[in-house]
Amino acid sequence: MEELPKHFDHKTLEPEIYKRWEASGFFSPDNLPVGRSAFGGNPNKDKAFTIIMPPPNANGSLHIGHALFVTTQDIMIRYKRMAGFKTLWLPGADHAGFETQVVYTKKIEKEGRRFWEIPREQLYNEIKDFTLANKTFMEGQLKALGASADWSREKFTLDEDIKAVVYDTFKMLHDDGLIYRGARIINWCPKHQTSLADLEVVHPEVADTFYYLKYGPFTIATARPETKFGDKYVIVHPDDQRYAQFKDREQFDVEWINGPIKATLIKDPMMDMTLGTGAMTITPWHSAEDFDLAQKYDLPKEQIIDWTGKLLPIAGEFAGQHISKARALIVEKMKGKGLLVKTEPYTHAVPACYKCGTAVEPQIRPQWFLAMTKEPKKGGKSLRDLAVEAVNSGAVTFTTDRFRLDFLRWMENLRDWNISHQIVWGIQIPAWYKGDEIKIGETSPGEGWTQDADVFSTWFSSGQWPFATLMTNRPGDFEKFYPTDVMETGWDILFFWVARMVMFGLYRTGKAPFKTVYLHGLVRDKDRQKMSKSKDNMVDPLGVAGEYGTDAVRMALVSGNAAGTDPIISEDKIRGYRNFTTKLWNMAKFVLQFTDVFETNDGVTPRDEEVLHELEAVKKQVTSYLDEYKLHLAAESIYHYTWHTVADKLIEEYKPRLNSVDKADAAIAIKTLMKVFSECLKMLHPFMPFVTEEIWGKLALRSPSGEEGTMLIVEKW
RNA sequence: GGGCACUUAGCUCAGUGGUAGAGCGUUCCAUUCACAUUGGAAAGGUCACAGGUUCAAUCCCUGUAGUGCCCACCA
């Protein structure tokens, strides 16, 4: 029997152990020894357990949040693998279109280059190189964290076969009338020069001013006087007594900012009589609400602000000025003309780009939209209804009920989704134009056709990830592993990603892509701050893992935090679990001394019986926690049992027997202790895979009929 | 404007319809023991506040206060 070194040398051993696992082939469901006799009567041998890994954005290095998802999913996967399932954890990487382009834009600016001056193709290739380099780097990091994923099945969101699936979906949705191109109001970020989906817009409160302006016989209130140049319609409520003397469609003269105009009154019940003066003018090009009114009454729409945020010639003397500077000047002029009645402080939510915080400018632009609430031409339910039904019927469940309610509430008020982005990095929309004609297809329909310059929202493609990755992998994978079992990801992308996956999955395959949604929290620093590069409070998981060991980091991430709440990670906590690693190591060193008296056929004593009973109770408890996805409770139970029952009490109690002259009883005692310790190792393995695997190998422990080697990763749970 | 969550030991957090738990920290004791990356012990909480349901509430219900978060095209 080999002597154990004084410490578990995680730095050199972790990579070695990982290589051993990889070489074993056990990360792949195809190679699992689920039918071998050690698993005797394995009831799960024909069952699959699948998790599709949320593909990390390949535009940087892993942060501690990634370590949390790796740990959480790896625990589920390792547990099920040991329980005898055909277990697949399918890894991947996301090109993360807009996100990555933003990251790369910053890099370019740092280098003193100008993003908009670089030709599209060159930019694409540069970002591609950047992304692929990051992708390789991150794969190494995922492995360092112990991810027992099947790398032979890894996919990337820009793989040709994945793109082909995405094109197919687009075509099907288009044929079904669910995808349409329309010149509608979109959220335009003047800095990033792209439209944003509604979800990509945030609404910070801004202390603003409400301007009351004289508009002919009316007084209107607005927070954006700089958009008002072309306003020719004033709207009031039909029942508003203040305006009873005016008739619907009545025309009147207005002395306006740049001279007299002819205006028209429209009475519409959408007006809120309690707000401002109950009268407003409309700017259909730059307000969604006004756009709807203009559509309703077929009113003209005119662009006032250009794509960079500057006023157009309609603004007269203000043309060419940026709106951020023009407002004050315009108000000054109105004041001079006696048009400014009064001002009021006004705090309201102003839409802004979620990336740069620049105020979003509503603009009209032809874009591709995905209808959320419309029924497909071929019949059946709308995407929204499909998803709602899947959740209501229990086909998709949430481990945290709160998120189920969030999901359903969000679904209630869904508007059509703008899937076009005016960026270069991503999958270009497979639509071709010639005059007024539109054709959908991956390749050009012929001479004279030009392809849409826009690319899909990343979420449009990643929303198809579960079935796309399985359809494009080994033959039979889709049938075997879809629908998957668990979708484990952060709650912050419940709407962005989880909701879209449910909709697309149901639409394309008739089945929800996963049965259970497990959402973890966002890792915070000790001041509760969300970690971000800009705040410089990022914890590098590989850094702390290098210092304390990956097992300690994993335990610290999973212990003491319930699913869905935001964990706070501190170095103290990691250090505590590093101590546990050492404790485990020393327990191994201790039992190792007695393995020469391991073999005995004698029956155990009543006390041993009792000890083994307690072990069974702990196993049962840990197993049921794992089955309920209460990973933190499972971790704490087994941690507590191992340290404070087995190490502190049992070993101390058994010492006299182990050293007794009665060799027969010593053999029984060590047999019992061995059993207890080896079960601890098994239970700890999903949480602390490295140290447990190493100890298992050193002790050459075998399950009674484990004829195929001694890797803990496939020992029977 | 809607909605949700949280408030438990000095700190960070678990947890449960039956007189509260962990880690870290603090105090005391032990030390040629597998392990000082240790062991034993201790101090420390009216489980935010006020009502209600119950034989019994920290846990269920209602309200209040504070904190945080999500959603939202009202000028």
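Rules used in this analysis
- Residues numbered from 1 in each chain as written.
- Chains lettered and ligands numbered in written order.
- Predicted model: local features only at pLDDT ≥ 70, side-chain atom pairs only at ≥ 80, totals over all residues.
- Heavy atoms only, no water.
- Near = heavy atom within 4 Å.
- Polar contact = N/O pair within 3.5 Å; in protein donor to acceptor, adjacent residues only side chain to side chain.
- Helix = DSSP H or I, 4+ residues; strand = E, 2+ residues; numbered from the N terminus.
- Nonpolar A, V, L, I, M, F, W, Y, C, P; charged D, E, K, R; others polar.
- Buried < 20%, exposed > 50% of the residue type's maximum accessible area, 1.4 Å probe, protein only.
- Pairing = 2+ DSSP bridges.
- Right-handed = clockwise from strand over helix to strand, strands pointing away.
- 1 Å grid on protein atoms, 1.4 Å probe; cavity = no way out; pocket = protein on both sides within 12 Å on 5 of 7 lines; lining within 4 Å.
- Points joined across faces, edges and corners; volume = space filled by probe spheres on them.
- Axes fitted to C-alpha atoms, helices over the stretch in contact; angles between N-to-C directions.
- Parallel < 35°, antiparallel > 145°, perpendicular 65-115°, else oblique.
- Left-handed = near helix turned anticlockwise from the far one by under 90°.
- Contact = heavy atoms within 4.5 Å.
- Core = buried A, V, L, I, M, F, W, Y, C linked by side-chain atoms within 4.5 Å.
- Salt bridge = Lys/Arg side-chain N within 4 Å of Asp/Glu carboxyl O.
- Phe/Tyr/Trp six-rings, centres within 6.5 Å; stacked < 30°, edge-to-face > 60°.
- Lys NZ or Arg CZ within 6 Å of the ring centre and 35° of its normal.

Student: Teacher, can you tell me more about the protein's contact with RNA strand B here?
Tutor: Residues in close proximity to RNA strand B total 44 residues, the closest being D272, R415, I568, T582 and W643. The contact in question runs from a base nitrogen of RNA strand B to an N or O atom on the backbone of D272, over 2.4 Å. Backbone polar atom of A647 to a base nitrogen of RNA strand B: 3.3 Å apart, as the coordinates give it. Breaking the surface near RNA strand B down by element, the ones donating at least two residues are α6 (288–297), β14 (340–349), α9 (401–412), α16 (571–592) and α18 (631–658). In terms of residue count, α18 provides more of the surface near RNA strand B than any other element does, eleven residues in total. Residues that form the surface near RNA strand B fall into these classes: 17 nonpolar, twelve polar and 15 charged.

Student: Honestly, the pairing of strand β2 (residues 86–90) in this entry has me stumped. Any pointers?
Tutor: For a regular strand, side-chain orientation follows a simple rule: the groups alternate between the two sheet faces. Of all five residues making up β2, four are buried, and the element is well covered by its neighbours. With five bridges connecting them, strand β1 (residues 48–52) and β2 associate as parallel partners. The residue of β2 that forms the bridge with T50 is L88. Read as a crossover between parallel neighbours, the route from β1 over helix α2 (residues 64–82) to β2 is right-handed.

Student: When you look at empty space enclosed by the protein in this model, what are you seeing that I'm missing?
Tutor: Vacant regions in the atomic arrangement are exposed by a probe of water-molecule size rolled over the atoms. Inspection of every chain in the model, using the stated rule, returns two cavities of 30 Å³ or more. Space inside the largest cavity adds up to approximately 100 Å³. Lining the largest cavity are 14 residues, with L68, T72, Y518, V558 and N561 positioned closest to its centre. Looking at the lining of the largest cavity, the elements with two or more residues in it are α2, β25 (514–520), α15 (550–558) and α18. Split into classes, the residues belonging to the lining of the largest cavity amount to seven nonpolar, seven polar and no charged. Reported here for the second largest cavity is a volume of approximately 50 Å³. Along the walls of the second largest cavity sit P56, A58, G92, A93, K135, M138, E139, L142 and E154, which together make up its complete lining. Among the elements of the structure, β3 (92–93) and α4 (120–144) are those that each provide at least two residues to the lining of the second largest cavity. In terms of residue count, α4 provides more of the lining of the second largest cavity than any other element does, four residues in total.

Student: Would you mind showing me how to read the packing of α15 against α16 here?
Tutor: When two helices pack together, their arrangement is given by the angle between the helix axes and by the axis-to-axis distance. In the contact formed by α15 and α16, the axes pass within 8 Å of each other and the chain directions differ by 125 degrees. The orientation of α15 with respect to α16, classified from their angle, is oblique. α16 is crossed by α15, and the crossing has right-handed handedness. Along its contact with α15, which presents D551, A552, V553, M555 and A556, the element α16 presents K573, I574, Y577, R578, F580 and T581. Its residues placed into classes, the contact of α15 with α16 shows seven nonpolar, one polar and three charged.

Student: Can you walk me through unusual backbone geometry in this structure?
Tutor: Glycine aside, a negative phi is what most residues show, and trans is what most peptide bonds show. The peptide bond linking Y482 to P483 adopts the cis configuration, its omega dihedral lying at -5 degrees. By secondary structure assignment, the location of P483 is in the loop between α12 (477–481) and β24 (484–490). At A96, a position not held by glycine, the phi torsion is positive, near 50 degrees. Residue position: A96 is located in the loop between β3 and α3 (97–110). The class for A96 is buried, based on a relative accessible area of 2%. Unusually for a residue other than glycine, R249 sits at a positive phi of about 70 degrees. Relative to the elements of secondary structure, R249 occurs in the loop between β10 (233–236) and β11 (251–256).

Student: Sorry, what's going on with the packing of α16 against α18 here?
Tutor: Running from N to C, α16 and α18 cross one another at 25 degrees; their axes reach a closest spacing of 11 Å. Between α16 and α18, the angle is such that the two are roughly parallel. The handedness of the crossing between α16 and α18 is left-handed. In contact with G576, Y577, N579, F580, K583, L584, M587 and F590 of α16, α18 contributes Y639, T642, W643, V646, A647, D648, I651, K655 and L658. Its residues placed into classes, the contact of α16 with α18 shows eleven nonpolar, three polar and three charged.

Student: Looking at this structure, how should I read the sheet that holds strand β22 (residues 450–451)?
Tutor: Sheets are built from strands paired through backbone hydrogen bonds, the pairs being either parallel or antiparallel. One open sheet holds the three strands; their spatial order is β21-β20-β22, and the pairing between them is antiparallel. In this open sheet, the two strands that pair with only one neighbour each are β21 (437–440) and β22. When strand β20 (residues 431–434) meets β21, the two strands line up antiparallel, connected through four bridges. What sits directly across from W432, in β21, is K439.

Student: What am I meant to see in the nonpolar core here?
Tutor: The nonpolar side chains of a soluble globular protein tend to be buried, and buried together. L626, F677, F687 and I695 are the most contacted members of the largest nonpolar core, which has 101 residues in total. At 13 residues, the largest contribution of residues to this core is made by α18. With residues near it in sequence (within four places) discarded, I695 still touches L584, W585, A588, F677 and L681. One finds I108, F115, F170 and A431 within the second-largest nonpolar core, a separate group that totals 76 residues.

Student: Would you take a moment to explain helix α20 (residues 689–699) for this structure?
Tutor: Counting buried residues in α20 gives ten out of eleven residues, a clear majority hidden from the surface. Within α20, the full set of buried residues consists of P689, F690, V691, T692, E693, E694, I695, W696, K698 and L699. Check the buried side of α20 and you find it contacts α1 (10–24), α2, α4, α15, α16 and α19 (663–684).

Student: Please clarify how the pattern of salt bridges should be interpreted in this entry.
Tutor: Charged atoms that come close allow side chains of opposite charge to pair. Evaluated as defined, the whole model comprises 49 salt bridges. Between R20 and E694 there is a salt bridge, and its shortest N-O distance comes to 3.2 Å. Of the two residues, R20 sits in helix α1 while E694 sits in helix α20, which places them 674 residues apart along the sequence. The class for R20 is partly exposed, based on a relative accessible area of 36%. Across the salt bridge formed by K378 and D176, the nearest N and O atoms sit 2.8 Å from each other.

Student: So what exactly am I meant to see when it comes to the packing of aromatic side chains here?
Tutor: Remark: the centre distance and the inter-plane angle together describe each pair of aromatic rings, the angle taken between the planes. This model, assessed by the stated rule, comprises 38 aromatic pairs. With centroids separated by 6.4 Å and ring planes inclined at 65 degrees, the aromatic side chains of Y518 and Y629 adopt a geometry described as edge-to-face. Remark: Y629 occurs in the loop between α17 (606–627) and α18 and Y518 occurs in strand β25; sequence separation between them is 111 residues. An identical accessibility class is assigned to Y518 and Y629; each is buried. Three or more aromatic residues joined by ring pairs make a cluster, and in this case those are F170, W368, W417, F456, F460 and F504. If you follow R365 out to its NZ or CZ, it ends over the ring of W307, 4.8 Å from the centre. When the ring centre of F403 is taken as origin, the NZ or CZ atom of R402, which lies over that ring, is 4.6 Å away.

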